[in-house]
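Inside the fold
In case you want the letters, here they are:
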Amino acid sequence: LGSVVETLLVETESIQSVNRNEVIVLRGQTLPLVRLNDMFAIQSREDSTEDGQYVVVVGLAERRIGLAVDGLVGEKEVVIKSLSRLLDHVSYFSGATILGDGTVALIIDIPELVRRAEMRERTDA
């Protein structure tokens, strides 16, 4: 949560393509848009909105990216456990937590996502 700058609903028409990469313009700043469902090769949920795309803007130092997500649930206070050494090779996740209903939730590694988004921009430019 410390990396989350803001959440918003972006109109579909506001998503642009630059060098084959999707971007959004937020208050005059162009941000790379990373679609998490594409990154993790999963289908979008049926309850995604047709009014636009939910975006979670995250940042690391001065760098910002937009994460396209299916929906927003809210904030939850959780205890984060590190992943086993057997999963050290797994990119994009820094830990996991067990939610109140017993579901395991993975914690996204924001610095890794930002780094990969920057690499993608450089290689496609």
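The structure under discussion appears in the preceding block.
Residues numbered from 1 in each chain as written. Predicted model: local features only at pLDDT ≥ 70, side-chain atom pairs only at ≥ 80, totals over all residues. Heavy atoms only, no water.

1. Examining the overall build of the protein
A count of helical and extended segments in the protein gives two helices and eight strands. Ordered by position in the sequence, the α and β elements of the protein form the string β-β-β-β-α-β-β-β-β-α. Across its three principal axes, the protein shows a C-alpha extent of roughly 40 × 30 × 25 Å. Residue burial in the protein is summarised as follows: out of 125 residues, 29% are buried. (Helix = DSSP H or I, 4+ residues; strand = E, 2+ residues; numbered from the N terminus. Buried < 20%, exposed > 50% of the residue type's maximum accessible area, 1.4 Å probe, protein only.)

2. Side note on the side chain of Q53
In this fold, Q53 is placed in strand 5 (residues 53–60). A distance of 2.9 Å separates polar atoms of two side chains, one belonging to Q53 and the other to R35. For Q53, the contacting residues outside a window of four places in its chain are L8, L9, V10, I15, R35, A68 and V69. (Polar contact = N/O pair within 3.5 Å; in protein donor to acceptor, adjacent residues only side chain to side chain. Contact = heavy atoms within 4.5 Å.)

3. Regarding the side chain of N37
In this structure, N37 sits in helix 1 (residues 36–39). N37 sits in the buried class, given a relative accessible area of 17%. In contact with N37, not counting residues within four places along its chain, are I42 and S44.

4. Structural notes on the nonpolar core
Membership of the largest hydrophobic core is limited to 12 residues, which are V34, L36, V56, V58, I65, L67, V69, Y92, I110, L113, V114 and A117. Those elements that provide at least two residues to this core are strand 5, strand 6 (63–69) and helix 2 (110–124). Counting residues per element, this core draws most heavily on helix 2, at four residues. With near-sequence residues (within four places) excluded, L36 lies in contact with L67, A68, V69, I108 and L113. Core analysis: the second largest hydrophobic core is formed by 10 residues, L8, I24, V55 and A68 among them. (Core = buried A, V, L, I, M, F, W, Y, C linked by side-chain atoms within 4.5 Å.)

5. Notes on the environment of V79
Within the secondary structure, V79 sits in the loop between strand 6 and strand 7 (93–98). Residues V79 and I98 lie 19 residues apart in sequence; the distance between their C-alpha atoms is 7.9 Å. In this structure, V79 is in contact with A96 and T97, ignoring residues within four places of it in sequence.

6. With respect to the sheet that holds strand 1 (residues 4–10)
Ordered by their spatial adjacency, six strands build an open sheet running 1-5-6-4-3-2, and the pairing between neighbours is mixed. With partners counted over all chains shown, the strands left at the sheet margins are strand 1 and strand 2 (16–18), one partner each. Here the average twist between neighbouring strands, direction ignored, is 40°. By the bridge criterion, three bridges tie strand 4 (residues 29–35) to strand 6 in an arrangement that is parallel. (Pairing = 2+ DSSP bridges. Axes fitted to C-alpha atoms, helices over the stretch in contact; angles between N-to-C directions.)

7. Here we look at the pairing of strand 8 (residues 104–108)
Sheet topology note: the strand 7/strand 8 ladder contains five bridges and is antiparallel. Within the sheet, the bridge partner assigned to I98 lies in strand 8 and is V104.

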